[in-house]
Amino acid sequence: MFTKFSREKIILHILLTIALGIPAVLWAIQSVRAGMGMMRLPRVERFEPLEESKYPRVSIMFAARDEIDTLPGALETLLSLDYPDYEVIAVNDRSSDGTGRVLDNFADRDSRLRVIHVSDLPPGWLGKPHALHCAYQLATGSWFVFTDADVHFAPDSLRRIMTLATTRQLDHLALMTHMTMIGFWERVVMTYFGLGFILGVEPWQASNPRSSKFIGIGAFQLIRRPVYEAISGHRKLAMEVIEDMKLGKLVKKAGFGSQAGYAAEHIRVRWQAGLGNLVRGTTKNFFAAAYFNLPLVCLQVFGIFLMSVFPWIALPWLLITKSFGLPLLFAGIAVVIALSVHVALSFGAKASPLYGLSHPIGALIFMWMLARSTVITLWRGGIVWRDTFYPLAELRRGLV
């Protein structure tokens, strides 16, 4: 007859087996799927530029608000592209620093740059979607590029990208870029964020019409003008916080072709400077990415803990207590696969592979960022973006 102590040990063993078996199996399955899927994505550097006469006109558009520190360097690269027929439309979205002056000075020197100054935001719009909608109204290209005011382009990047888009007859292309990371904490957070993005978004599924997965990337999105107009463009995204991702969703829902790809050798951006800015910069985004759904956020936080933290805690504890068996095996599998995937991603991001060891730390910070975004948004009853408050009820009504 079992004693109470032995029954508790058996129950604990069963619970640990289940709790560690789930992440072990999911890591094994998803790592294989991700590896195979990501290898199929096109890489910009593999597409040679075509003859100049074969390129369509492209309109490059971005919104800038208080970007005086990062704008000049990025704009220099945009105006140094070797593409034969393009224009840049920059929207100064109610800036309070010298952003508008910088844009005007560049426009005086280069006729390819046109500047729009927005002083007031109309009701029913978030600042960035409104700014991009204003840019679209001036655009003359048959293809549109949406980017950000701090993104740097290699001179031959657009020709290679358009070779990819035209030869494969794409409707929409979202490119993963090189993320510039400076300092320990940026690398910890951004390598984990990249891992979470790949496993959660599954970029390789964007081109699969049978999949509900979609992709959009703020640093670079290319879309054919007729497709953009057919989906009502940023007018449809007027109250979307993560308008870049949702542009890809609109493309996919409308039955057009969407594609993800790599441009790490040709496009780079530093998302946020320092851990503090990374945390503050995602306050408006993370709860929005969960559709402002509290139960979904709770499930996401639990899932991150189960997949990326619990096995790393359980493995040394099981070894110390000499608890051999399935729980130890599953904990080891989960940790080894997570470490291997994180090492591979760090290497690809030009960070030391040793950042793979920061996996549970990055997960804990990511959980905090997600929880913080949720709590602050609910506490305020909305978000503050570009110095404007947007009530949560309006944001939920505007979800795509």
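Colleague: Just checking my understanding: could you explain the overall build of the protein chain for this structure?
Modeller: When you go through the protein chain residue by residue, the secondary structure sums to 15 helices and twelve strands. Relative to the compact-globule value of 21 Å for 400 residues, the protein chain shows a C-alpha radius of gyration of 23 Å, a close match. C-alpha atoms of the protein chain, sized along the principal axes, occupy 85 × 50 × 40 Å. For the protein chain, the proportion of its 400 residues judged to be buried stands at 55%. In the protein chain, the proportion of contacts linking residues at least 24 apart, taken out of those at least 6 apart, comes to 81%.

Colleague: Explain the packing of helix α11 (residues 294-308) against helix α12 (residues 310-320) to me, please; I cannot follow it from the model alone.
Modeller: Any two packed helices are characterised by how steeply their axes cross, that is the angle between the axes, and by the distance between the axes. With their axes 4 Å apart at the nearest point, α11 and α12 run at an angle of 35 degrees to one another. Each of F305, L306, M307 and S308 in α11 lies in contact with α12, whose residues at this interface are F310, P311, W312 and I313. Tallied by class, the residues present in the contact of α11 with α12 amount to seven nonpolar, one polar and no charged.

Colleague: Got a minute to help me understand the sheet that holds strand β2 (residues 86-93) in this structure?
Modeller: Whether parallel or antiparallel, the strands of a sheet pair through hydrogen bonds between backbone atoms. Read from one edge to the other, the open sheet built from seven strands follows the order β3-β2-β1-β4-β8-β6-β9, with strand pairing classed as mixed. Of all strands in the sheet, those with a lone pairing partner are β3 (113-118) and β9 (258-262), marking the two edges. Strand after strand, the sheet turns through a mean of 20 degrees between neighbouring axes, direction not considered. Of the pairings in the sheet, the one linking strand β4 (residues 143-146) to strand β8 (residues 221-224) comprises four bridges and is antiparallel in character. Along β8, the bridge assignment pairs V145 with L222. Strands β4, β6 (172-176), β8 and β9 of the sheet are contacted by helix α8 (residues 243-253), whose axis makes an angle of about 30 degrees with β8.

Colleague: How should helix α13 (residues 326-348) be read in this particular structure?
Modeller: Structural remark: α-helix, 3.6 residues per turn; residues separated by three or four positions point the same way. With 23 residues, α13 ought to run about 33 Å at 1.5 Å a step, and its terminal C-alpha atoms sit 33 Å apart, in line with that. Looking at α13, one finds that the buried residues are P327, L328, F330, A331, G332, A334, V335, I337, A338, H342, L345 and S346. In the segment just after α13, K350 is the residue with positive phi, at about 65 degrees.

Cut-off values and rules
Residues numbered from 1 in each chain as written. Predicted model: local features only at pLDDT ≥ 70, side-chain atom pairs only at ≥ 80, totals over all residues. Heavy atoms only, no water. Helix = DSSP H or I, 4+ residues; strand = E, 2+ residues; numbered from the N terminus. Rg over C-alpha atoms; globule rule 2.2 N^0.38 Å. Buried < 20%, exposed > 50% of the residue type's maximum accessible area, 1.4 Å probe, protein only. Contact = heavy atoms within 4.5 Å. Axes fitted to C-alpha atoms, helices over the stretch in contact; angles between N-to-C directions. Nonpolar A, V, L, I, M, F, W, Y, C, P; charged D, E, K, R; others polar. Pairing = 2+ DSSP bridges. Expected span 1.5 Å × (residues − 1).

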